[in-house]
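One-letter residues, chain by chain:
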Amino acid sequence: MNPHAKLISSSSLALGTTIVITSNHWAMTWAGLEINTLAIIPMISKSHHPRAIEASIKYFLVQAIASATILLSSTINAWSTGQWDITQLTNHTSCLLLTTAIAMKLGLVPFHFWFPEVLQGSSLTTALLLSTLIKLPPLTILLITSNSLNPALLTTLALISTALGGWMGLNQTQTRKIMAFSSISHLGWMTLIIIYMPKLTMLTFCLYTLLTSSIFLTLNTSGATKLSTMMTSWMKNPPLNATLMLTLLSLAGLPPLTGFLPKWLIIQELTKQEMTLTALIAALLSLLNLFFYLRLTYYSTITLPPNTTNYMKHWYLDKTSFPSIALLTSLSTLLLPISPTISAMF
């Protein structure tokens with residue numbers, strides 16, 4: 001990708017995200033979302049592969065429909081209340097339309113169909129952006145308007161997303177699709193608690209971004225895009241694969257790793273809200289995610305390929321990304337002991 005085009009796309013992405021986060025007017029929020037959509041499309045289609053072009057078209061169509069739905073929702077609300085302020089969402093039809101639009105933007109069930117396909121058609125770096133930074137603006141809108149939305153509907157969407165994200169990830173062989181269904185499942189956890197404790201949703205998103213960035217950067221360094229190549233990636237850099245194993249187990253939510261913290265706090269808060277059954281269902285559904293994370297761990301560190309490979313041990317590797325991976329992996333595995341400090345910050 002041309003450096004100037006990359007700079008323009010990155011700057012537009014940062015600008016669109018900042019506009020959405022800081023604005024209170026529906027028109028400015030819609031404009032920020034549109035800037036984000038137009039900025040990420042060149043990054044998705046930069047390889048000029050037919051799958052990448054297909055992914056960019058799918059992404060554009062879904063995001064355009066979601067943005068139009070947000071505009072329709074805000075217009076109906078303004079027509080009935082005379083207010084364009086995001087916090088003044090009182091019309092029932094507008095609330096329902098906004099929930100639908102944000103579910104499409106985030107990739108929540110039943111509007112998840114585009115997300116795995118778009119990630120599969122993108123590079124690992126672009127997939128990282130789609131899984132983390134692109135989710136921040138719609139999650140911010142959901143955070144601001146959560147008091148006006150239907151709690152039962154959000155809880156239902158969250159539980160179904162957690163279930164389907166774990167269930168559909170079981171039979172996948174492509175690492176990007178596995179990470180896509182992992183993202184859908186984690187967004188279900190965030191949506192589950194957003195009405196009752198919004199700050200905990202932001203904590204979960206920050207920790208999810210940290211863990212996902214570590215995994216995607218590691219996969220990008222080793223070039224592992226499917227399970228069959230993960231079986232040989234340990235020959236390229238054994239220490240990197242060992243840290244990948246710890247990060248995957250942390251993303252699964254196993255103690256005493258960092259990923260256990262948000263799930264622990266969410267289950268605790270749901271129990272305080274007398275939603276013990278919901279907490280129990282979410283905890284049981286997380287076992288599905290644990291299975292395919294263990295599957296990835298098994299393939300990357302324990303399994304040997306069934307035939308002779310052409311890979312030789314690399315005595316020299318490009319180490320430019322190693323410091324960032326080392327820092328992210330350390331944070332992804334060692335933050336649980338300071339959980340009281342993290343909870344106090346949020």
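Keep in mind the model is a prediction, meaning the values are calculated, not measured.

Enquirer: How should I be thinking about the overall build of the protein chain in this particular structure?
Expert: Secondary structure assignment for the protein chain yields 16 helices and 0 strands. Taking 2.2 N^0.38 as the reference for a compact globule, 346 residues should give roughly 20 Å; the C-alpha atoms of the protein chain span a radius of gyration of 20 Å, in line with that estimate. Here the C-alpha coordinates of the protein chain stretch approximately 70 × 50 × 35 Å along the principal axes. The 346 residues of the protein chain split such that 52% are buried.

Enquirer: Can you help me understand the domain arrangement of the protein chain in this one?
Expert: Accessible area lost upon the coming together of the parts serves often as the stated size of an interface. Looking at the assigned domains, one finds that the protein chain contains domain 1 (1-140) and domain 2 (150-307 + 318-345). Look at where the C-alpha atoms of domain 1 and domain 2 centre, and you get two points 23 Å apart. Across the boundary between the two partners, domain 1 contributes 24 residues, which contact 30 residues of domain 2. Taken over both partners, the interface formed by domain 1 and domain 2 buries close to 2,400 Å², and the fraction arising from carbon and sulfur atoms is 77%. Interface area lost by domain 1 to domain 2 is led by Val109, Leu124 and Leu139, which between them contribute 28%. Summed over the shared surface of domain 1 and domain 2, the result is 1 salt bridge. Of the charged contacts in the structure, one is a salt bridge between Lys177 and Glu117, with a shortest N-O distance of 3.4 Å. When residues of the side of domain 1 that touches domain 2 are traced back to their parent elements, those giving at least two are α4 (92-106), α5 (114-120), α6 (124-131) and α7 (136-145). Of the residues assigned to the side of domain 1 that touches domain 2, the class counts are 13 nonpolar, 9 polar and 2 charged.

Enquirer: When you look at the side chain of Thr204 in this model, what are you seeing that I'm missing?
Expert: Secondary-structure assignment places Thr204 in helix α10 (residues 198-222). By relative accessible area, Thr204 is classed as buried at 5%. There is a polar contact of 2.8 Å between the side chain of Thr204 and the backbone oxygen of Leu200. Residues within four places of Thr204 in sequence aside, it is in contact with Met190, Pro262 and Ile266.

Enquirer: So what exactly am I meant to see when it comes to the packing of helix α3 (residues 50-81) against α4 here?
Expert: Angle between the axes and distance between the axes are the two parameters that describe a pair of packed helices. The contact between α3 and α4 brings their axes to 8 Å, and the two run at 160°. Taken together, the axes of α3 and α4 lie roughly antiparallel to each other. The hand of the α3/α4 crossing is left-handed. In this structure, α3 uses Val62, Gln63, Ile65, Ala66, Ser67, Thr69, Ile70, Leu72, Ser73, Ile76 and Asn77 to contact α4, whose residues at the interface are Thr93, Ser94, Leu97, Leu98, Ala101, Ile102, Met104 and Lys105. Classifying every residue of the contact of α3 with α4 by side-chain character gives 11 nonpolar, 7 polar and 1 charged.

Enquirer: Where do I start with unusual backbone geometry in this structure?
Expert: Trans peptide bonds make up most of the peptide bonds, and negative phi angles are found at most residues other than glycine. For the bond running from Val109 to Pro110, omega is 10°, close enough to zero to count as cis. Along the chain, Pro110 turns up in the loop between α4 and α5. Cis peptide bonds are those with omega within 30 degrees of zero, and the linkage from Pro255 to Pro256 qualifies with 5°. Notably, Glu274 is not glycine yet its phi reads approximately 60°, a positive angle. You can see Glu274 is positioned in the loop between α13 (260-272) and α14 (276-302). Note on Glu274: relative accessible area 75%, which makes it exposed.

Enquirer: Please clarify how α7 should be interpreted in this entry.
Expert: Every α-helix winds through 3.6 residues per turn, so residues three or four apart in the chain are directed the same way. In terms of residue burial, α7 counts as a mostly covered element, since 8 of its 10 residues are buried. Residues of α7 that are buried: Leu136, Pro137, Pro138, Leu139, Thr140, Ile141, Leu142 and Thr145. The inward-facing, buried residues of α7 contact α1 (3-22), α2 (26-44), α4, α8 (151-168), α9 (175-193) and α10.

How each quantity is defined
Residues numbered from 1 in each chain as written. Predicted model: local features only at pLDDT ≥ 70, side-chain atom pairs only at ≥ 80, totals over all residues. Heavy atoms only, no water. Helix = DSSP H or I, 4+ residues; strand = E, 2+ residues; numbered from the N terminus. Rg over C-alpha atoms; globule rule 2.2 N^0.38 Å. Buried < 20%, exposed > 50% of the residue type's maximum accessible area, 1.4 Å probe, protein only. Domains from an automatic or database assignment. Contact = heavy atoms within 4.5 Å. Buried area = accessible area lost by both parts, 1.4 Å probe. Salt bridge = Lys/Arg side-chain N within 4 Å of Asp/Glu carboxyl O. Nonpolar A, V, L, I, M, F, W, Y, C, P; charged D, E, K, R; others polar. Polar contact = N/O pair within 3.5 Å; in protein donor to acceptor, adjacent residues only side chain to side chain. Axes fitted to C-alpha atoms, helices over the stretch in contact; angles between N-to-C directions. Parallel < 35°, antiparallel > 145°, perpendicular 65-115°, else oblique. Left-handed = near helix turned anticlockwise from the far one by under 90°.

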